[in-house]
Amino acid sequence: MTRNGIGIRTAQVRQQRITGQIHVYDGAGKGKSQAALGVVLRSIGLGINTKNNSNRVLLLRFLKGPERDYDEDGAIAALQSGFPHLIDQVRTGRDEFFDVNGITNFDREEAARGWDVAKGAIASNLYSVVVLDEINPILDLGLLDIDEVVKTLKSKSPELEVIATGRAAPQKLLDIADLHSEMKPHHHEGAQLQGLKGIEIYTGAGKGKSTSALGKALQAIGRGINHPGSTRVLIMQWLKGGSGYTEDAAIAALQQSYPEVVDHQRCGRDAIVWRNSRQELDYVEAERGWEIAKTAIASGLYKTIILDELNPTVDLELLPVEPIVQVLLRKPRDTEVIITGRCQNQPAYFDLASIHSEVYCHKHYANQGVELKRGVDY
């Protein structure tokens, strides 16, 4: 059957894979570490709804020393407090940029310390997901032996999911990756001409768009927890009206502890929507979601607003483009709007983005017939 248009595979009950994959997110565009945080959020959400400890996550962060505060710290700490059996976090390195000419013994020692933690975690079989955030530049700087890293990852247990992030992933790592998404930056003059800031767009055929948005939401929630009253977050998701999305449980747990920080809404049918199979309910649900979103943007009450899968909703012609452009042009200056989803034709609001990352697909296990996995892909 020839499919015309863009569809979203929903979280309805379906077959899923058991075998863990090796993910690599690299490139000069934004969204790499955010994608890793999005997977962390999903994995924790899956673990909340299971009685065993089979969904434990290690978030190992190179080049992000403990001397510096990161936006997501508050949310991660809150999840650790509520679900200490589901997440461990280790941070190594110093909190400043350096290049190959500025490497110190401390940098080598911290990289080695982080890798010792990683090797132990991979060998332990205690974790379902190990995130090696910013290991790619560590390898590019020569602070770790790439051959040893590749050998360790190739010998991981079959069930373990490993996620490596950062610029300049070495080819030997890419060769063993099951998934490779490259974040490519695009620049638009419209945002500069209009004096607009705070609009981010994640699009493209690769994996990492909604996942990056979830990571961005986690960062914003953490900022709100660390600085009460300074931020409020709305996560608005189109074409995802079903149930079974694993991030829901983690977001709900954060909502319960911090109801003043985060709101979460879904709209759409529990079905794949293609251009040649649109129903009246698809238009109604798309419009309902937009009414919520445009009110939230105009209100100034929310400092971060995630418009997940808005791009394919517009591409399917379920929503007109011009009203979206007008709302974004009038948004409060300190409100961030993050828009995600693939599309065949870029709508006019792309020109308003100050950050636009195209997630380019070099490899994707789904293209090899490998099923998606709860707690990682949805």
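Preceding this section is the structure that the text describes.
Conventions and cut-offs
Residues numbered from 1 in each chain as written. Predicted model: local features only at pLDDT ≥ 70, side-chain atom pairs only at ≥ 80, totals over all residues. Heavy atoms only, no water. Helix = DSSP H or I, 4+ residues; strand = E, 2+ residues; numbered from the N terminus. Rg over C-alpha atoms; globule rule 2.2 N^0.38 Å. Buried < 20%, exposed > 50% of the residue type's maximum accessible area, 1.4 Å probe, protein only. Areas by Shrake-Rupley, 256 points an atom, 1.4 Å probe, with all protein chains shown as cover. Lys, Arg positive; Asp, Glu negative; His and termini not counted. Charge placed at Lys NZ, Arg CZ, Asp CG, Glu CD. 1 Å grid on protein atoms, 1.4 Å probe; cavity = no way out; pocket = protein on both sides within 12 Å on 5 of 7 lines; lining within 4 Å. Points joined across faces, edges and corners; volume = space filled by probe spheres on them. Nonpolar A, V, L, I, M, F, W, Y, C, P; charged D, E, K, R; others polar.

**Student:** Looking at this structure, I do not really get the overall build of the protein. What am I missing?
**Tutor:** If you tally the helices and strands in the protein, you get 12 helices and 12 strands. The C-alpha radius of gyration of the protein comes to 20 Å, within 12% of the 21 Å expected for a compact globule of 378 residues. Principal-axis analysis of the C-alpha atoms places the extent of the protein at approximately 55 × 45 × 40 Å. By the burial criterion, 58% of the 378 residues in the protein qualify as buried. In the structure as shown, the protein presents an accessible area of about 15900 Å², 48% of it carried by carbon and sulfur atoms. Averaging the locations of the 44 positively and 48 negatively charged side chains of the protein gives two centres separated by 3 Å.

**Student:** How should I be thinking about empty space enclosed by the protein in this particular structure?
**Tutor:** In this approach the atoms are scanned with a rolling probe the size of a water molecule, which exposes any empty space left behind. Using the criterion set out here, one finds two cavities of 30 Å³ or more in the structure. In this model, the largest cavity occupies a volume close to 40 Å³. The biggest single contributor to the lining of the largest cavity is helix α3 (residues 105-124), with three residues. Residue classes in the lining of the largest cavity are distributed as six nonpolar, two polar and three charged.

**Student:** Could you clarify how one ought to interpret unusual backbone geometry in this entry?
**Tutor:** For residues that are not glycine, phi is negative in most cases, and the peptide bond is trans in most cases. Unlike most non-glycine residues, Leu-63 shows phi in positive territory, near 60°. Topologically, Leu-63 is positioned in the loop between β2 (57-61) and α2 (73-82). Positive phi, normally seen in glycine, also occurs at Ala-168, with a value near 60°. By the element assignment, Ala-168 lies in the loop between β5 (161-165) and α6 (171-176). A residue is classified by how much of its surface remains accessible, and Ala-168, at 37% relative accessible area, is partly exposed.

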